[in-house]
Amino acid sequence: MNRLAKRGSETLIEMVATDDDIAVLTKFKFTNPEGEESNGPLYETNSTAGSELPGSSEGLSSTETTLLISDHQGTAKRFNLFLRRRLMFDKRQQSKDSIFFCDGTRRIDYVLSYVDDPKQDGDKKAERRKEFENNLLKSGLELETEDKKDSEDGRTYFIKIHAPWEVLTTYAEVLNIKMPIRENDIPAAMENPFECMFGLFRLPKEVMNPEPDYFTAPFSKQRQELFFIEDENTFFSPSVRNRIVYYILSRCPYGTEEGKKKFGIKRLLSNGTYTAAYPLHDCQYWKKSKDQNCGNERYTLYTQWARFLRFYKEQPLDLIRRYYGERIGIYFAWLGFYTEMLFFAAVVGLICFIYGLITMTGNMSSIEICDEFIGGEIIMCPLCDKNCEYWKLNSTCEASRYSHLFDNVATLFFAIFMGIWVTLFLELWKRRQARLEYEWDLVDFEEEQQQLQLRPEYEAKCTQKKKNPVTQELEPYLPLTSQALRFCFSGATVLFWISLIIASMIAVIVYRLSVYAAFASLMEDTETLQPISSLLTPQLATSVTASCLNFVIIMILNFLYEKIAVWITDMEIPRTHLEYENRLTMKMFLFQFVNYYSSCFYVAFFKGKFVGYPGAYTYMFNKWRNEECDPAGCLIELTTQLTIIMAGKQIWGNIQEAILPWVWNWWRRRRARTNSEKLYSRWEQDHALQCFGALGLFYEYLEMVIQFGFITLFVASFPLAPLLALMNNILEIRVDSWKLTTQYRRPVAAKAHSIGVWQEILNGMAVLSVVTNAFIVAFTSDMIPRLVYYYAYSTDQNSPMSGYINNSLSVFLISDFPKEPGASLGAFTTCRYRDYRYPPDHEKKYLHTMQFWHILAAKMAFIIIMEHIVFIVKFFVAWMIPDVPAEVRARIKREKFLTIQILHEYELNKLKENLCNRTDYQVEKEVIATEGKRELAQVMG
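Residues numbered from 1 in each chain as written. Predicted model: local features only at pLDDT ≥ 70, side-chain atom pairs only at ≥ 80, totals over all residues. Heavy atoms only, no water.

Q: I keep staring at the overall build of the protein and nothing clicks. Help me out?
A: Tallying secondary structure elements over the protein gives 29 helices and 22 strands in all. Residue burial in the protein is summarised as follows: out of 941 residues, 52% are buried. Of all intrachain contacts in the protein linking residues separated by at least 6 positions in sequence, the fraction that spans at least 24 positions is 77%. Of the roughly 44200 Å² of accessible surface on the protein, 59% is carried by carbon and sulfur atoms. (Helix = DSSP H or I, 4+ residues; strand = E, 2+ residues; numbered from the N terminus. Buried < 20%, exposed > 50% of the residue type's maximum accessible area, 1.4 Å probe, protein only. Contact = heavy atoms within 4.5 Å. Areas by Shrake-Rupley, 256 points an atom, 1.4 Å probe, with all protein chains shown as cover.)

Q: Help me understand the confidence of the model for the protein in this model?
A: The predicted coordinates ought not to be read in detail in places where the model reports low pLDDT. Confidence in the prediction of the protein, expressed as mean pLDDT, is 79, and 80% of residues score 70 or more. With pLDDT under 50 throughout, residues 447–451 is counted as low confidence; its partners more than four residues away or in other chains account for 18 contacts. (pLDDT = per-residue confidence, 0-100.)

Q: I tried to follow the packing of helix α24 (residues 758–780) against helix α27 (residues 850–880) on my own but got confused; where do I start?
A: Packed helices, taken two at a time, are described by the angle their axes make and the gap between the axes. In the contact formed by α24 and α27, the axes pass within 9 Å of each other and the chain directions differ by 150°. Put simply, α24 runs roughly antiparallel to α27. As α24 packs across α27, the resulting crossing turns out to be right-handed. Between α24 and α27, the contacting residues are A766, V767, V770, V771, N773, A774, F775, V777, A778 and F779 on the first element and L856, K859, M860, F862, I863, M866, E867, V870, F871 and K874 on the second. Its residues assigned to classes, the contact of α24 with α27 comprises 16 nonpolar, 1 polar and 3 charged. (Axes fitted to C-alpha atoms, helices over the stretch in contact; angles between N-to-C directions. Parallel < 35°, antiparallel > 145°, perpendicular 65-115°, else oblique. Left-handed = near helix turned anticlockwise from the far one by under 90°. Nonpolar A, V, L, I, M, F, W, Y, C, P; charged D, E, K, R; others polar.)

Q: Explanation requested: the state of the cysteines in the structure shown.
A: What makes a disulfide is a covalent bond joining the sulfur atoms belonging to two cysteines. Across all of its chains, the model carries 2 disulfides by this definition. The side chain of C370 participates in a disulfide bridge whose partner is C397; the two sulfur atoms lie 1.8 Å from each other. Between C370 and C397 the disulfide shows an S-S torsion of about 100°. By sign, it is right-handed. Here the residue C370 occupies a position in helix α12 (residues 364–370), and C397 occupies one in helix α13 (residues 397–406), the gap between them amounting to 27 residues. Judged by relative accessible area, C370 falls into the buried class, the value being 16%. Here C381 engages in a disulfide with C831; their sulfurs sit 1.9 Å apart. Here the disulfide of C381 and C831 is right-handed, its torsion about the S-S bond being about 85°. A residue pair is termed long-range when its members are at least 10 positions apart, and C381 in the loop between β13 (379–380) and β14 (391–392) and C831 in strand β22 (residues 830–834) qualify at 450 residues. This pair shows no difference in class: C381 is buried, exactly as C831 is. C294 takes part in no disulfide bond, and the closest cysteine sulfur, belonging to C283, lies 7.2 Å away. For C294, a relative accessible area of 6% corresponds to the buried category. (Disulfide = S-S within 2.5 Å.)

Q: Explain the sheet that holds strand β5 (residues 110–115) here, please?
A: Sheet strands line up and pair through hydrogen bonds in the backbone, either parallel or antiparallel. A sheet is described by the order of its strands in space; here 4 strands give the open sequence β6-β7-β5-β12, paired in antiparallel fashion. Looking at strand neighbours, the two that pair on one side only are β6 (142–146) and β12 (276–278), the edges of this open sheet. Recorded for the sheet is a direction-independent mean angle of 15° between the axes of neighbouring strands. Both β5 and strand β7 (residues 156–162) contribute to a ladder of 6 bridges, which runs antiparallel. (Pairing = 2+ DSSP bridges.)

Q: How should the pattern of salt bridges be read in this particular structure?
A: Pairing between side chains becomes possible if they bear opposite charge and their charged atoms approach one another. Tallied over the full model, the rule gives 29 salt bridges. Among the ionic pairs, R241 bridges to D109, the shortest N-O distance being 2.6 Å. One end of the pair, R241, is in helix α7 (residues 238–249); the other, D109, is in the loop between β4 (79–88) and β5, and 132 residues separate them in sequence. With respect to burial, R241 and D109 carry one shared label: buried. Here R435 and E887 are joined by a salt bridge, their closest N and O atoms 3.3 Å apart. Of this pair, R435 sits in helix α14 (residues 409–439) while E887 sits in helix α28 (residues 886–914); the two residues are 452 residues apart in sequence, bridging distant segments of the chain. Given the relative accessible area of 32%, E887 is considered partly exposed. What emerges from the salt-bridge pattern is a single network uniting D407, D782, R786 and R834. (Salt bridge = Lys/Arg side-chain N within 4 Å of Asp/Glu carboxyl O.)

Q: Explain the nonpolar core to me, please; I cannot follow it from the model alone.
A: Soluble globular proteins tend to pack their nonpolar side chains together in the buried interior. In terms of nonpolar packing, the biggest core is built from 138 residues, with W334, Y338, W421, F425 and Y597 touching the most fellow members. Per-element tally for this core: the top contributor is helix α11 (residues 326–358), with 16 residues. Residue contacts for W334: discarding those within four places in its chain leaves F425, W429, Y701, M704, I755 and L762. Within the second largest apolar cluster, 50 residues are counted, among which are V167, Y171, I181 and A217. (Core = buried A, V, L, I, M, F, W, Y, C linked by side-chain atoms within 4.5 Å.)

Q: Where do I start with the packing of aromatic side chains in this structure?
A: Aromatic rings in a pair are described by how distant their centres are and how their planes are angled relative to each other. Scanning the model with the defined rule gives 61 aromatic pairs in all. With a centroid separation of 5.7 Å and an interplanar angle of 65°, the aromatic rings of F219 and F236 are classed as edge-to-face. Note that F219 is positioned in the loop between β9 (214–218) and α6 (232–235) and F236 in the loop between α6 and α7, a separation of 17 residues in sequence. By the burial criterion, F219 is buried, and F236 matches it. In this arrangement the basic side chain of R625 is found over the ring face of Y617, its NZ or CZ atom lying 3.5 Å from the centre. Sitting above the plane of the Y323 ring, R746 keeps its charged end 3.7 Å from the centroid. (Phe/Tyr/Trp six-rings, centres within 6.5 Å; stacked < 30°, edge-to-face > 60°. Lys NZ or Arg CZ within 6 Å of the ring centre and 35° of its normal.)

Q: Is there a simple way to think about the packing of helix α22 (residues 696–713) against helix α23 (residues 721–743) in this case?
A: In contact at an axis separation of 10 Å, α22 and α23 are set at 170° when each is read in the N-to-C sense. Our classification of the angle between α22 and α23 gives roughly antiparallel. Packed against α22, whose contacting residues are E700, E703, M704, Q707 and I711, the element α23 presents A721, P722, A725, N728, N729, E732, D736 and K739 at the interface. Of the residues that constitute the contact of α22 with α23, the class distribution is 5 nonpolar, 3 polar and 5 charged.

Q: Just checking my understanding: could you explain unusual backbone geometry for this structure?
A: Non-glycine residue N296 carries a positive phi angle of around 60°. Among the structural elements, N296 can be located in the loop between β12 and α9 (297–306). In this model, D441 sits at a positive phi of 60°, which is unusual for a non-glycine residue. With respect to the helices and strands, D441 occurs in the loop between α14 and α15 (447–450).

Q: So what exactly am I meant to see when it comes to the side chain of K874 here?
A: Within the secondary structure, K874 is located in helix α27. Within the local environment of K874, its side chain forms a polar contact with the side chain of T423, the two groups lying 2.7 Å apart. Excluding residues within four positions of it along the chain, K874 makes contact with G419, V422, T423, A766 and V770. (Polar contact = N/O pair within 3.5 Å; in protein donor to acceptor, adjacent residues only side chain to side chain.)

Q: Even after reading the chapter, I still don't get α9, so can you show me in this structure?
A: Residue pairs spaced three or four apart in an α-helix point in one direction, given the helix's 3.6 residues per turn. The element α9 is largely enclosed, with a buried count of 8 among its 10 residues. The complete set of buried residues in α9 reads E297, R298, L301, Y302, T303, Q304, W305 and A306.

This is the structure in structure tokens:
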């Protein structure tokens, strides 16, 4: 089919509209060197201009690069005809939800807005805008301007941009965009026999699969007849269209300032020339558009995906990908899969918690502590040097009972289970990701096509150039000395902020040490606190308040460091978008890793480990005595710390993500609607929304990866952590979808075939989690000492754990205190403390007993055995599960074969048509060559 014949020989480019109800159109046609008329947009085809333009991105050749805008003299010579005519229209007849130009036919692919303020460099900004918009016109884009008096606030101009067919086809070829050539005739995979059981969780088929499955191939202008083009207006989806327009906008020059060539919409936004740049949503989210040409995909996403009452439904990933692009689609696919896998971890964790709840009353350690004749007779040494009394062991009765909820035999099982779970999660995600790559035409996606393009900021700031050894073209580069200086400064800044975190953690530790005595004295002297003193012990009160204080400090440091991390990453001037994201990711993750987890590491591995013993306590800065663990162990304090930080972070994150954007948008709409009778157009509605930003998805990944660390690194101390994460993620999916659909402007579509560097971070955390959980079970939990006592030191065969508490407490002679603590003495001469040391009447007075060394050896042996078992199982599982399913691998090969066959059949038919007037021998020779080429490609494929 000859679609170009239907377009005619003229292309309309609309100029800036200055009248109220009149748009001025400029219609032109130009002649090529052979004298033939051309109907395409104006492109610069002189390859010598390539060095003056932004570097050849996405692997473009010098000829392709010159399709971008160039300010060469003689542009006007291309015009053979310049005809101006006025088209009259009535704006009142246009729906406020229209996504088309005022003629009702040309789709708005992008919108720019600005406020003409002469007080703030108005003339300079106006000149930039004029040059920029003229260059956009020269590139073939069509513009239409809405005057400020037609806008809601009476101050804002809106420039609507439309990409005509010729622009779309040209850049679709440049960007190597795959488009459909034939419907996929490969039989679908066998249906799951249990599919009927999941009917409640399924969405309608038209929502899950909004378009048929096609064989695709990179678009080529020379082979347009090959592609499945029913309508030129709908052939390229809106997400593809806005991606192409943004590509042009990001490289369009707007003049020369300070001897440097300036270009790109991002710089114009940063210097205030434009206030916003965004593609349009296709309709309002709460109702369908009356225009039949609108897809209403936003409305479908809101009703079927973004509502919280749909939390039990699957996600329409294909529709998300179609509307927002693959990069956002892959994030929600990963988040959904992660949430599904959390369900299994949450169930096992809940079972372990229930086991601890059931066995809590039968725990021999708690029984002995709570017994009036055992725990009530044991006098413990003061927990601080001043204002702390001697205390009875049974005062920690309730705390020891609740500690058993998380410190029991199930803790070991759950730690091993989570080590295997995390491997299954990562390996099964690779398979799911491979399936999405096939379904979303990302199998042959190359990073350099999208991720490795030179950043406009890099090209603008790097004035020196050198020849690329591959392309043999001059490219900007940053000298090695400048890179080294920038890296040194960046590294020093990161180290300073990490040191600040460590200093704040030490401050919290000092708070713990200094306020413990105050809590102990307050609870003993205040009669109103006596009823809850058995539950809220001084240790627990100190831990809870310190955890809350630590959480506040964490959030403040996060807020400050986010600004610093972006600033120092910009200062480094990364060469590509991929480098920029990776550097920022590592800076932010390293900081947040230390910020969120440092307090948990302290409680898990340092608190109570270096306290000394009565008469020879260790002190921090020779002033504050180190903290001791509760007689029931430190695990309950680690659980408290983890719960407060994890739950607090999730609650604050949801407030920040959902409530704040809603309040901000509500306030902006309230201020903007000065006259409800005036037209509130689709571009103005979207202008009132917030910008998702280039780093919007980055923060979503970072939030989930930090949560992943909580449920893997310290899960042995809190089996309910996966359950909390599961409930948060069910809400997170709907909050993210709601805010993206209703509170943010439509992001520019972008491709991505994986979750990127986050995959490597998750793999690293999975390995580290095995080590941390093994150490938590060995050194933080009280399990190993109990097992050693059970098998080696128990004397009661009928009740092997009886006597354990007395065995785990050492004796200290009060008169051996070098300085009497400020505590009242009763009718006792000794006190007890948690350790394994010889009594004062032994020849090895206060030295560690042999039982201490047996327990230490058992702890080290346990760590080695557990790590080896889990790692062996992890590697075996990873080896057993292939990254790409066999079915997907076969379908990929089959599709490649059929696609090659379709392309070569097209070439063969075209060749036969073109050679119909040539000799039979020449035709036969070229046909044989073409068929041989096809056979060779099939063999190689």
